[in-house]
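A look at the structure
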Amino acid sequence: MAQPIKVERTVTIEKSAEDLYRFWHNLKNLPRFTRHLKSVNVYDDGQSHWVTSAPMGNSVEWDARITEDRPNQVIAWTSVEGADIANSGSVHFQPAPGDRGTEVKVITTYDAPAGVVGDAIAKLFGENPKQQIGDDLARFKMLMETGEIATNEGQPSGRRS
């Protein structure tokens, strides 16, 4: 049986833990900075339904539930039985050294489709989960610090023809 894949990334954001936690805690905000996440619907029973894009125009869906929720400190979750990809994770908010904002650390663990082989195939399509989470955190930082996410989509490449 394949080992689960664990990804851990941290970014420092010049905002309070309270502001960052409040934004993240509203799970419907996550698609605003998580590029592959299409939607998150939250149900009354505390569960949520997630839809993300996958290689070759496919989608992956799962239901999840919050397993730990400490205001301004940590939010942890796990997928429920029957998820397309079994996963769990947490986001931690702690003061950055030197009063420089908040360190936001995301830890996710998931079982890749078809295990390690599926992960290797996903990487061939440019879907490296470590890179994705790093990029998502960079967009979260931009959104929280400036109110928008800078992009160069639709801009000329600057290359000569």
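That block above? That's the structure.
Residues numbered from 1 in each chain as written. Predicted model: local features only at pLDDT ≥ 70, side-chain atom pairs only at ≥ 80, totals over all residues. Heavy atoms only, no water.

A word on the nonpolar core. With 32 residues, the main nonpolar core has Trp24, Trp50, Val91, Phe93, Val104, Leu137 and Phe140 as its most contacted residues. Listed by contribution, the elements that provide at least two residues to this core are β1 (5–13), α1 (17–25), β2 (37–42), β4 (58–70), β5 (74–79), β6 (87–95), β7 (102–110) and α3 (129–146). Beyond its immediate sequence surroundings of up to four residues, Trp50 is in contact with Leu27, Leu30, Leu37, Ser39, Val40, Val60, Glu61, Trp62 and Ala64. (Core = buried A, V, L, I, M, F, W, Y, C linked by side-chain atoms within 4.5 Å. Buried < 20%, exposed > 50% of the residue type's maximum accessible area, 1.4 Å probe, protein only. Helix = DSSP H or I, 4+ residues; strand = E, 2+ residues; numbered from the N terminus. Contact = heavy atoms within 4.5 Å.)

Located in the positive-phi region is Asn72, a residue other than glycine, with phi close to 65 degrees. Along the chain, Asn72 turns up in the loop between β4 and β5. A relative accessible area of 29% means that Asn72 is categorised as partly exposed. The backbone of Asp99 sits at a positive phi, close to 55 degrees, despite the residue not being glycine. Structurally, Asp99 can be placed in the loop between β6 and β7. Take Asp99: its relative accessible area is 75%, and that puts it in the exposed class.

Contact geometry of α1 with α3 gives a least axis separation of 12 Å together with a crossing angle of 115 degrees. Between α1 and α3 lies a crossing whose hand is right-handed. Side by side, α1 and α3 meet where Leu20, Phe23 and Trp24 of the first sit next to Leu137, Phe140, Leu143 and Met144 of the second. For the contact of α1 with α3, the per-class residue count stands at 7 nonpolar, no polar and no charged. (Axes fitted to C-alpha atoms, helices over the stretch in contact; angles between N-to-C directions. Left-handed = near helix turned anticlockwise from the far one by under 90°. Nonpolar A, V, L, I, M, F, W, Y, C, P; charged D, E, K, R; others polar.)

If you trace the backbone, Gly46 turns up in the loop between β2 and β3 (47–54). Residue class for Gly46 comes out partly exposed when judged on its relative accessible area of 38%. Residues Gly46 and Ile66, spaced 20 residues apart in sequence, show a C-alpha to C-alpha distance of 7.0 Å. Once residues within four sequence positions are removed from consideration, Gly46 is found in contact with Ala64, Arg65 and Ile66.

The strand order across the open sheet formed by 7 strands is β1-β7-β6-β5-β4-β3-β2, and the pairing between neighbours is antiparallel. Because the sheet does not close on itself, it has two edges, and the strands there are β1 and β2. Put simply, the sheet's adjacent strands are angled 20 degrees from each other on average, direction ignored. Pairing analysis gives 5 bridges linking β2 to β3, with the strands arranged antiparallel. The partner of Ser39 across the bridge, within β3, is Val51. Relative to β1, α3 is tilted by about 20 degrees, and along the sheet it contacts β1 and β7. (Pairing = 2+ DSSP bridges.)

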